[in-house]
Amino acid sequence: MRHSLSQGVLCATLPTPRPYLLLAALLAPGTTMAASDTEIAELRSMLNQMKSQYESRIAALESRLAKAARDASSSNRESDRVASRADKAAATAEPRPMTAPTAPGAVPLVASPPAAASGGALGALTSGSAFNPQISVFLDGNYYQDGVDGEGSVLVGAAYQPSRLLPHAHAGTAALESEAHAHGAAENGFNFREAELAFSATVDPYFDASLFISIDGDGGVELEEGWLQTRGLPYGLRIKAGKFLSDFGYINRQHPHQWDFVDQNLPYLNLLGPHGLQDTGVQLTWLPKLPFYTLVGAELAQGNQEILGATLDSVEQQELGLGDTGGGPRLWTAFAKVAPELGDRHALQLGISYAHNRQHQEVQPYLHGEEGHDHPAEDPELPEEIGLAGDAGLWGIDLVYKYAGGRPQGQGDFKFQTEYLRSIKDMEIRSSPDPEELGLRPTFTTDGLYAQALYGFAPRWTAGLRYDVLGLTNEVSGGGEQASFGASNRWTLDLTWKLSEFSLLRAQYAKNDILVEPGERAHFDAFYLQFLVSMGSHGAHGF
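In this text the structure is predicted, and so the values were computed from the model without any measurement.

1. Quick notes on the overall build of the chain
Scanning the chain from N- to C-terminus turns up seven helices and 17 strands. When each of the 543 residues of the chain is scored for burial, the buried share is 42%. Taking the intrachain contacts of the chain between residues at least 6 apart in sequence as the baseline, contacts between residues at least 24 apart amount to 69%. Carbon together with sulfur atoms contributes 60% to the accessible area of the chain, which is approximately 26,600 Å² in total.

Structure below.
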């Protein structure tokens, strides 16, 4: 019985009757056959053929098994990458739960470098219940204390530079302080910096539009931005028109609720003013199709600036013989940004910018004796001031690096950011109590940089360190003058707790060393405790 079963099984697998006969012959224990040499050779040949067939089939099965294992491994790796990107997006997402719906193939509102540059997964969320336009409100307030009777934030925004005498400040310090407070400077105690209202929408297949309105703690209303932007121009071109924050540098286009520290850095605050480079005009950008992110752009604007291209009021212009404010546009900028591909966890952006305003006016006090000019005033009827007119230029270089730690809620994330600005103003003395100074052409040069780093040391917790300095070069040259002044600098630590995607608390400490006047410095500590909340939805932030 056992013998018959073995034969049956083998019959089902053997391809031809002849191997069956061979096996039957070999497995039959009691079989005795007289075999010739020819038959033996034939049997051996048949056995070898069977072995070869089975080996081929086994090899084929092994190959299929290996391929299936490779496919499964590749699928698992892709799943891990998707999960990692989702974690990173959730960890780096700003407080913006939704973005405006966009037409298929539309250019995004803000061009972003690859990897961590985008607004993350939240950037794709939409809701049938979302308002059109999308509306969001940011509330920004703080508790502030410094060691100089609450004047610290004013001093930080008015660090000495030889060309920095605002038109409204020449009459006295009180005017400067009043203006600084109006621009959001803090005083000891509680401060409500601003409530920002943001509206954004896709108007039609051709334009996006946004509007940002700021309401300060005293109820003053200011239009920060109001612009429209094309959606479907060919060749990666895009045009923005209206009032907007320039794409000069990196941090210039960010609103205060996007900053990583409570206040603005020294170079931006003193070379561009509290509002940064913000003007009415038109912007053209080009996003070419390259293996890595590249953006090139230029702007043409009216030129109404706080510092870079400031002009006096009509009364002062007449008193000092500086002429009227010229018609616009007077300001132009150019910039380029490049972000090489560094993989999923890394993002790097390099940028270079230049801005030029063809008209700049300012007034400076006329100093006598050892403190200033050796000549007494020739005409006592003339004001004890010097009127200057010329143009102003500003260079900028920026670098931003981000690393996504891959852990939830920002833990392990790292960000480094630095910018260098250099302001050059070529001026002519148009009015002076000393006639010998008329026509002289001094050049004012002031530069500065900041470098800051942030690290997510725990879920929703971030620690930051910033160093900023103004006046590495802080001099006036030419026009019979050659003088160099010192620098202002500070170290700042901050600790941010993001309670959710819509609210945060931030503590910040700064140790300040500010040049108030030539030879006069102010050393003081300053402390902020900031709250920042957002309500509603708005478009994704840029990189």
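2. Here we look at the packing of aromatic side chains
Overall, the coordinates contain nine aromatic pairs when judged by the stated rule. Between Trp332 and Tyr354, the ring centres sit 5.4 Å apart and the planes meet at 55 degrees, which makes this aromatic pair tilted. Linking Trp332 in strand β8 (residues 331–339) with Tyr354 in strand β9 (residues 346–365), this pair joins segments that are 22 residues apart in sequence. The exposure class assigned to Tyr354 is buried, which follows from its relative accessible area of 18%. Ring geometry for Tyr401 against Phe414: centres 6.4 Å apart, planes inclined by 55 degrees, an arrangement best described as tilted. On the criterion of sequence distance, the pair formed by Tyr401 in strand β10 (residues 385–403) and Phe414 in strand β11 (residues 414–431) is long-range, its members being 13 residues apart. Classification of Tyr401 by relative accessible area gives partly exposed; the value is 22%. Among the aromatic side chains, those forming a connected cluster through ring pairs are Trp332, Tyr354 and Trp395. We note Lys240 situated over the ring of Trp227; from NZ or CZ to the ring centre the distance is 4.5 Å.

3. Re the side chain of Gln278
Among the structural elements, Gln278 can be located in strand β6 (residues 278–286). Polar contacts involving the side chain of Gln278 include one to the main-chain carbonyl oxygen of Glu224, which spans 2.7 Å. Not counting residues up to four positions away in its chain, the partners in contact with Gln278 are Leu223, Glu224, Lys243, Phe244, Leu245, Asn304 and Gln305.

4. Here we look at the pattern of salt bridges
Scanning all chains against the criterion turns up 13 salt bridges. One salt bridge connects Asp447 with Arg422, and the closest N-O pair in it is separated by 3.4 Å. Remark: Arg422 occurs in strand β11 and Asp447 occurs in strand β12 (residues 443–458); sequence separation between them is 25 residues. By relative accessible area, which is 3% here, Asp447 ends up buried. A single network of salt bridges, built from pairs that share partners, joins Asp263, Arg466, Asp468 and Arg490.

5. Remarks on the environment of Gly464
With respect to the helices, strands and loops of the structure, Gly464 is situated in strand β13 (residues 461–478). Separated by 203 residues in the primary sequence, Gly464 and Phe261 have C-alpha atoms spaced 8.0 Å apart. Leave out the neighbours within four places in its chain, and Gly464 touches Phe261, Ala453, Leu454, Thr492, Leu493 and Asp494.

6. Details of the nonpolar core
Judged by nonpolar contacts, the single largest core of 32 residues is most densely connected at Phe248, Tyr268, Leu277, Leu308 and Leu394. Sequence-distant contacts of Tyr268, defined by excluding residues within four places in its chain, comprise Phe248, Gly249, Tyr250, Ile251, Asn252, Gly273, Glu419, Leu421 and Tyr450. Counting residues in each nonpolar core, the second largest holds 10 residues, with Tyr160, Phe444, Phe485 and Leu515 among its members.

7. Observations regarding the environment of Gly141
Within the fold, Gly141 resides in strand β1 (residues 134–146). With 392 residues separating them in the primary sequence, Gly141 and Val533 have C-alpha atoms 9.3 Å apart.

8. With respect to the pairing of strand β14 (residues 481–484)
Looking at chain direction, β13 and β14 are connected through four bridges and run antiparallel. For Ser477, the partnering residue across the bridge sits in β14 and is Gln482. Count of turn residues in the β13/β14 antiparallel hairpin: two residues, of which Gly479 carries a positive phi of about 60 degrees.

9. What about a nonpolar patch on the surface?
Together, Leu233, Tyr235, Leu237, Ile239, Val282, Leu284, Trp286, Val296, Leu300 and Trp332 make up a nonpolar patch on the protein surface, roughly 890 Å² of accessible area in all. Looking at the nonpolar patch, the elements that each hand over two or more residues are β5 (237–245), β6 and β7 (293–301). Broken down by element, the residue count for the nonpolar patch peaks at three residues, all from β6. Assignment of secondary structure puts Leu233 in the loop between β4 (221–230) and β5.

10. Focus: the confidence of the model for the chain
For the chain, mean pLDDT is 82; residues scoring 70 or higher make up 76% of the total. Note on residues 1–34: pLDDT under 50 across the span, and 24 contacts to partners over four residues away in sequence or across chains. Here residues 167–178 is modelled with pLDDT under 50, and outside its nearest four sequence neighbours on either side it reaches 15 contacts, counting other chains as well.

What counts as what
- Residues numbered from 1 in each chain as written.
- Predicted model: local features only at pLDDT ≥ 70, side-chain atom pairs only at ≥ 80, totals over all residues.
- Heavy atoms only, no water.
- Helix = DSSP H or I, 4+ residues; strand = E, 2+ residues; numbered from the N terminus.
- Buried < 20%, exposed > 50% of the residue type's maximum accessible area, 1.4 Å probe, protein only.
- Contact = heavy atoms within 4.5 Å.
- Areas by Shrake-Rupley, 256 points an atom, 1.4 Å probe, with all protein chains shown as cover.
- Phe/Tyr/Trp six-rings, centres within 6.5 Å; stacked < 30°, edge-to-face > 60°.
- Lys NZ or Arg CZ within 6 Å of the ring centre and 35° of its normal.
- Polar contact = N/O pair within 3.5 Å; in protein donor to acceptor, adjacent residues only side chain to side chain.
- Salt bridge = Lys/Arg side-chain N within 4 Å of Asp/Glu carboxyl O.
- Core = buried A, V, L, I, M, F, W, Y, C linked by side-chain atoms within 4.5 Å.
- Pairing = 2+ DSSP bridges.
- Patch = residues over 30% accessible without salt bridge, like charges linked within 9 Å, V, L, I, M, F, W, Y side chains within 5 Å.
- pLDDT = per-residue confidence, 0-100.

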